[in-house]
Amino acid sequence: KGVTTVTLTGTDGTNSATTVSFTVTVTDNQMPTITCPSGSPFARNTDATECNYTVQGAEFDPTAFGDNCPGATVSNSFNNMASLPKGSPRITLSVSVGMAMSSTTCAIVVNVTDNHMPTITCPSGSPFARNTDATECNYTVQGTEFNPTAFGDNCPGATISNSFNGMATLANAD
């Protein structure tokens, strides 16, 4: 493959010689091949403390790739990252060859789902005993006294509210 100069030399019985040269250009017009792993769309859960999925080894690598010329390399559209975000990222696998960068692609989808429950820590002291307000038949909550002491989730967007009147709604900023 490439450009090769060919030199022909003709010699007669008196050792007189004539030389001519020409070039031959050999081009690789055969596209590389790639086989995506079967099973797309793949279903994965987010990591316990993260909002992404950590790829396990070579689980999404192509099952086969090659070319008729040496030097085939594989890459993916996530730049070989080891983790995928929550959602349904589409991963394009490409095999490329040579300076002309002939390439062939295939694609897979990985559905990354957050199946981890949010956490909440209630304030200590339950059951709470409070007296009604002086001229009322109810008790007015004082500030954040019944708010949870902690709550969160591995993915941003978790919210918390109480079941009595929906007041004191808080949002997880993680």
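Worth saying up front: this structure is predicted, and the values here are computed from it rather than measured. (Residues numbered from 1 in each chain as written. Predicted model: local features only at pLDDT ≥ 70, side-chain atom pairs only at ≥ 80, totals over all residues. Heavy atoms only, no water.)

1. Comments concerning the pattern of salt bridges
Part 1 of the argument: Tallied over the full model, the rule gives two salt bridges.
Part 2 of the argument: Among the ionic pairs, Glu 59 bridges to Arg 44, the shortest N-O distance being 2.9 Å. Residue Glu 59 is located in the loop between β5 (52-54) and β6 (64-66), and its partner Arg 44 is located in strand β4 (residues 42-45); the two are separated by 15 residues in the primary sequence.
Part 3 of the argument: In this structure, the salt-bridge partner of Arg 130 is Glu 145, at a minimum N-O distance of 2.9 Å. In this pair, Arg 130 sits in the loop between β11 (119-121) and β12 (150-152) while Glu 145 sits in the loop between β11 and β12, placing the two residues 15 residues apart along the sequence.
Part 4 of the argument: Its relative accessible area of 39% is what places Arg 130 among the partly exposed residues. (Salt bridge = Lys/Arg side-chain N within 4 Å of Asp/Glu carboxyl O. Helix = DSSP H or I, 4+ residues; strand = E, 2+ residues; numbered from the N terminus. Buried < 20%, exposed > 50% of the residue type's maximum accessible area, 1.4 Å probe, protein only.)

2. Some points on the side chain of Asn 52
Part 1 of the argument: Counting through the fold element by element, Asn 52 comes out in strand β5.
Part 2 of the argument: When near neighbours in sequence (up to four residues on either side) are disregarded, Asn 52 contacts Thr 46, Asp 47, Ser 83, Leu 84, Pro 85, Lys 86 and Val 112. (Contact = heavy atoms within 4.5 Å.)

3. Some thoughts on the nonpolar core
Part 1 of the argument: The biggest cluster of nonpolar side chains holds 15 residues, and the ones touching the most others in it are Phe 60, Leu 84, Ile 91, Leu 93, Ile 108 and Val 110.
Part 2 of the argument: Ranked by the residues each element gives to this core, the list is headed by strand β10 (residues 102-113), at four residues.
Part 3 of the argument: Setting aside chain neighbours within four positions, we find Val 110 in contact with Phe 42, Arg 44, Phe 60, Leu 84, Gly 87, Ser 88, Pro 89 and Ile 91. (Core = buried A, V, L, I, M, F, W, Y, C linked by side-chain atoms within 4.5 Å.)

4. Thoughts on the packing of aromatic side chains
Part 1 of the argument: Across all of its chains, the model carries two aromatic pairs by this definition.
Part 2 of the argument: A centroid spacing of 4.9 Å and a plane angle of 65 degrees characterise the contact between Phe 128 and Phe 146, whose relative ring orientation is edge-to-face. Highlighted residues: Phe 128 in the loop between β11 and β12 and Phe 146 in the loop between β11 and β12, separated in sequence by 18 residues.
Part 3 of the argument: A relative accessible area of 33% means that Phe 128 is categorised as partly exposed. (Phe/Tyr/Trp six-rings, centres within 6.5 Å; stacked < 30°, edge-to-face > 60°.)

5. Examining the environment of Gly 2
Part 1 of the argument: One can find Gly 2 in strand β1 (residues 2-11).
Part 2 of the argument: Considering only alpha carbons, one finds Gly 2 and Val 141, 139 residues apart in sequence, at a separation of 82 Å.
Part 3 of the argument: Residues in contact with Gly 2, not counting those within four places in the same chain, are Val 24, Thr 25 and Val 26.

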